Amino acid sequence: MYQQYDGNNNWNQNNNDVFQNNPPAPPANQPGVQTWVDPAPPIQMVQEPVSAKKKSHRSAKIVAIILAGMIVATGCGFGGSLLANQLTGGKTSPSVLTQSVDNTSANAANKGDNDIASVAAAAENTVVEITTEVMETSPFMEQYTASGAGSGVILTSDGYIVTNNHVIDGASKITVTLKNGESYDAKLIGADATSDLAVLKIEATDLQTATLGDSDKLSVGDLAVAIGNPLGELGGTVTEGIISALDREITVENQPMTLLQTSAAINPGNSGGGLFNGKGELIGIVNAKTSASGIEGLGFAIPVNTAKPVIEDLIQKGYVTGRIKLGVSFIDIQDQTTAMRYRVNDLGTYVYQVNDGSDADKAGLLTGDLVEEIDGTKITSSSQIKEMMADYSVGDKMKIKVLRDGKEVTVTVTFTEYTPQKTTEQ
């Protein structure tokens, strides 16, 4: 499968004959070609247009589905295009995660913990509906506005809200609707594709906020209550189940994640909504579910303890600190037909694009380089490189041996902190 996740597909004309003359990108699903962009390729969870407003005079119907999250065998990518151009960055704000509310209503006090009605009463006003507008282009090059939907959870009384990155990815307009029906235009404060989290801000006061629980103290079998906006039109829906598994390592849209597994019903539109424990405390941000026919009760959520530092960074900095980014798109050439198309002699993993100013660019990595080894480990696929990236941190060095113009060349990449404000994303 061919998947170009980011970049403008400009080729390095100063390189060797590999990839010259701007060959067109192969069509989707072409065998033998795979690409990967670090640290995580953009999310391509298909957003469900609730409606589509055409900007041309011709009519067209666009049908798609926004999933609460989908586990797919092939993977489609995982990330967001808004990060580089809509982050506020450098904005000082008090820590949002220290704020909480008394989650014990009179009803809850009478019935005690693990009563679903009391959990709903304590948490339902902290979950919001989110609708988005995204500009799309039809196969006939006509512009239209597609509408998507998801959920979010209120973190602060003055309007900071957490949701999934894939809910707001690519949105030109974001609207938040409270449980009482009040609607607000939302500003994107920050988004992180790797964790699939985003923070929004609405101009409101005296909002009821979620009480944050401790996801590290959960046990299999604990009550789990999901509240969200399934189908994009059933806001405030409450479903119940249990914690089915802890620290479930799965791959969602080609991005490895460690998530909570729950049997609570999760549906398209639940993305970004809350998963609550028996005390009405927020323990997870719903982001994924199985999509295979005949499978039920397999929903997933980002543990709140995992989300906390990401949320704090997004509010304080507009991005997640301490992250590294090689700045390279790789392409796997897996058969002779594909090799002939790209005019290369050998099969393997090639450098497809190097972002200007990236750590890889500074180290001298070039488009068309055939990656042979990284720190002495033989490279057989781009996914292998992605897995290896998780072992490196800011300040670490990576030695990459490549074949260039028939000669072996070793470049040394020194990783610096990836800051979207300082890095031009092509």
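Keep in mind that what you see is a predicted model, and the values were worked out from it rather than measured. (Residues numbered from 1 in each chain as written. Predicted model: local features only at pLDDT ≥ 70, side-chain atom pairs only at ≥ 80, totals over all residues. Heavy atoms only, no water.)

Novice: Can you help me understand the overall build of the protein chain in this one?
Specialist: Counting secondary structure elements, the protein chain contains eight helices and 21 strands. The 426 residues of the protein chain split such that 52% are buried. For the protein chain, long-range pairs separated by at least 24 residues make up 68% of all intrachain contacts whose partners lie at least 6 apart in sequence. In the form shown here, the protein chain has an accessible surface area of approximately 18500 Å², with 47% of it arising from carbon and sulfur atoms. (Helix = DSSP H or I, 4+ residues; strand = E, 2+ residues; numbered from the N terminus. Buried < 20%, exposed > 50% of the residue type's maximum accessible area, 1.4 Å probe, protein only. Contact = heavy atoms within 4.5 Å. Areas by Shrake-Rupley, 256 points an atom, 1.4 Å probe, with all protein chains shown as cover.)

Novice: How should I be thinking about the side chain of glutamine 353 in this particular structure?
Specialist: With respect to the helices and strands, glutamine 353 occurs in strand β17 (residues 348-354). Classification of glutamine 353 by relative accessible area gives buried; the value is 4%. Side-chain polar atoms of glutamine 353 contact the side chain of asparagine 355, separated by 3.3 Å. (Polar contact = N/O pair within 3.5 Å; in protein donor to acceptor, adjacent residues only side chain to side chain.)

Novice: Even after reading the chapter, I still don't get the pattern of salt bridges, so can you show me in this structure?
Specialist: Any two side chains of opposite charge can pair, so long as their charged atoms come close to each other. Inspection of the entire model under this criterion finds four salt bridges. A salt bridge links glutamate 203 to lysine 201; the nearest nitrogen and oxygen atoms lie 3.7 Å apart. (Salt bridge = Lys/Arg side-chain N within 4 Å of Asp/Glu carboxyl O.)

Novice: For this particular structure, what's the right way to read helix α5 (residues 304-316)?
Specialist: Every α-helix carries 3.6 residues per turn, so stepping three or four residues along brings you back to the same face. Spanning 13 residues, α5 covers 18 Å between terminal C-alpha atoms, matching the ideal 18 Å at 1.5 Å per step. Every buried residue of α5 is listed here: Val304, Ala307, Val310, Ile311, Asp313, Leu314 and Ile315. Two residues or fewer after α5 comes glycine 318, characterised by a positive phi angle close to 90 degrees. (Expected span 1.5 Å × (residues − 1).)

Novice: How should the packing of aromatic side chains be read in this particular structure?
Specialist: Working definition: an aromatic ring pair is given by the centre-to-centre distance plus the angle between the planes. Across all of its chains, the model carries one aromatic pair by this definition. Taken together, a centroid distance of 5.7 Å and an interplanar angle of 55 degrees make the contact between tyrosine 392 and phenylalanine 415 tilted. Residue tyrosine 392 is located in the loop between α8 (382-389) and β20 (397-404), and its partner phenylalanine 415 is located in the segment after β21 (407-414); the two are separated by 23 residues in the primary sequence. The class for phenylalanine 415 is buried, based on a relative accessible area of 1%. The aromatic ring of tyrosine 160 is capped on one face by lysine 201, whose charged end is 5.5 Å from the ring centroid. (Phe/Tyr/Trp six-rings, centres within 6.5 Å; stacked < 30°, edge-to-face > 60°. Lys NZ or Arg CZ within 6 Å of the ring centre and 35° of its normal.)

Novice: Can you help me understand the environment of glycine 284 in this one?
Specialist: By secondary structure assignment, the location of glycine 284 is in strand β14 (residues 282-289). You can call glycine 284 buried: its relative accessible area is 0%. The spacing of glycine 284 and alanine 226 is 58 residues in sequence and 9.2 Å in space, taken between C-alpha atoms. Beyond its immediate chain neighbours, meaning those up to four positions away, glycine 284 contacts Gly273, Gly274, Leu275, Ala301, Ile302, Pro303 and Val304.

Novice: Is there a simple way to explain α8 in this structure?
Specialist: Within α8, six of the eight residues are buried, leaving the element largely enclosed by the surrounding structure. Within the sequence span of α8, burial applies to Ser382, Gln384, Ile385, Lys386, Met388 and Met389.

Novice: What is the right way to look at the environment of glutamine 336 in this model?
Specialist: Relative to the assigned elements, glutamine 336 resides in helix α6 (residues 336-341). Given a relative accessible area of 49%, glutamine 336 falls into the partly exposed group. For glutamine 336 and aspartate 346, which are ten residues apart along the polypeptide, the C-alpha to C-alpha distance reads 8.3 Å.

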